[in-house]
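Observations on chain architecture
This is what each chain is made of:
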Amino acid sequence: MRLTELLQSEEVTISCELFPPKQGAQLANYKKIVADMAALKPAYMSVTYGATGGTSDYTVELANEVCNVNHIPALAHLTCASSTKEKVASVIEELKANQIENILALRGDIPSNADFPLPNQYKHASELIADIKAQGDFCIGGACYPEGHPEADTIFEDLTHLKEKVDAGCEFLTTQMFFDNNILYNFMYKALKKGIDVPIVAGIMPITSKAQVKRSISLSGCMIPTRFQAIVDRFGDNPAAMKQAGIAYATDQIIDLIANGVNHVHIYTMNKPDIAGAILENLSDIYVR
């Protein structure tokens with residue numbers, strides 16, 4: 001199923017994300033995680049792509065497990081900053097062979113100590129999107145940053161580049177994590193004013209441990225609201241309480257989003273079916289599976 005069939009509807013969709021193993025010996029355990037996550041009946045499941053090889057070797061295999069074994073629509077990530085155009089083309093052929101129709105096209109992090117881009121690399125995600133479009137009939141998504149891309153001087157510069165992705169063939173967007181819904185609402189208004197009218201999926205990261213807070217800030221640069229910082233200060237040293245509070249906070253975010261017409265939510269579940277399951281249970285009469 002092409003994801004635009006879901007994302008262009010008014011129905012509420014909640015999806016989740018998986019990352020593949022670093023070693024093939026772990027595949028059996030990861031396939032069990034896929035099955036456990038699929039049992040929760042998310043609208044679709046995305047599978048990330050390693051930036052420097054490693055996990056990227058198993059992205060297609062795990063996406064196949066999602067789509068063709070567990071019969072949940074799969075969204076395979078494809079990151080180009082650390083890949084040659086030849087490598088990207090070979091992955092696209094693998095996706096075709098496995099009948100995986102949906103790709104999230106990302107530039108990814110630029111490798112340290114590397115000349116970027118080399119002649120056989122893509123410089124921007126918009127270039128990757130255009131090439132995927134030329135190589136197959138895929139439904140292509142892209143990433144967006146409600147607080148602005150870290151490399152952009154202003155949100156308006158970032159929106160200009162985002163419009164280039166959409167013009168290149170990007171059919172929907174998934175946001176980077178955010179913890180204040182007002183930031184997303186403001187971003188969506190600016191995006192629409194820029195002429196970006198494709199579906200935007202809100203990316204929610206449940207923070208269930210104190211250590212996750214620092215990691216989230218360092219990876220995304222996103223703002224931690226005072227209200228959430230108070231939760232971390234109060235419950236951060238009690239793992240069980242922090243997990244419960246983090247699930248409650250993510251649930252509250254999702255309810256507010258849906259109440260305000262943002263019907264498509266993607267949960268960065270970090271391969272934890274129990275956390276995804278707890279959130280979906282909290283939404284059992286809101287997201288009917």
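Below or above, wherever it landed, is the structure these notes cover. No experiment lies behind these values; they were computed from the predicted model shown.

Attention now moves to the overall build of the chain. A count of helices and strands for the chain gives 11 helices and 8 strands. Compactness check: the chain gives a C-alpha radius of gyration of 18 Å against a globular reference of 19 Å for 289 residues, within 12% of the reference. For the chain, the spread of C-alpha atoms along the principal axes amounts to about 50 × 45 × 40 Å. Out of the 289 residues belonging to the chain, those deemed buried represent 53%.

Glancing now at unusual backbone geometry. If you check the backbone angles, Lys41 has positive phi at about 60 degrees while not being a glycine. Note on placement: Lys41 falls in the loop between α2 (27-38) and β2 (45-47). Relative accessible area serves as the criterion here: at 52%, Lys41 is assigned to the exposed category. Non-glycine residue Met270 carries a positive phi angle of around 55 degrees. In this fold, Met270 is placed in the loop between β8 (264-267) and α11 (273-282).

With that settled, consider the packing of aromatic side chains. Counted under the stated rule, the structure contains 3 aromatic pairs. Counting every residue linked through ring pairs, the aromatic cluster contains Phe179, Phe228 and Tyr249. It is Lys85 that lies over the ring of Tyr122; its NZ or CZ is 5.3 Å from the centre.

How each quantity is defined
- Residues numbered from 1 in each chain as written.
- Predicted model: local features only at pLDDT ≥ 70, side-chain atom pairs only at ≥ 80, totals over all residues.
- Heavy atoms only, no water.
- Helix = DSSP H or I, 4+ residues; strand = E, 2+ residues; numbered from the N terminus.
- Rg over C-alpha atoms; globule rule 2.2 N^0.38 Å.
- Buried < 20%, exposed > 50% of the residue type's maximum accessible area, 1.4 Å probe, protein only.
- Phe/Tyr/Trp six-rings, centres within 6.5 Å; stacked < 30°, edge-to-face > 60°.
- Lys NZ or Arg CZ within 6 Å of the ring centre and 35° of its normal.

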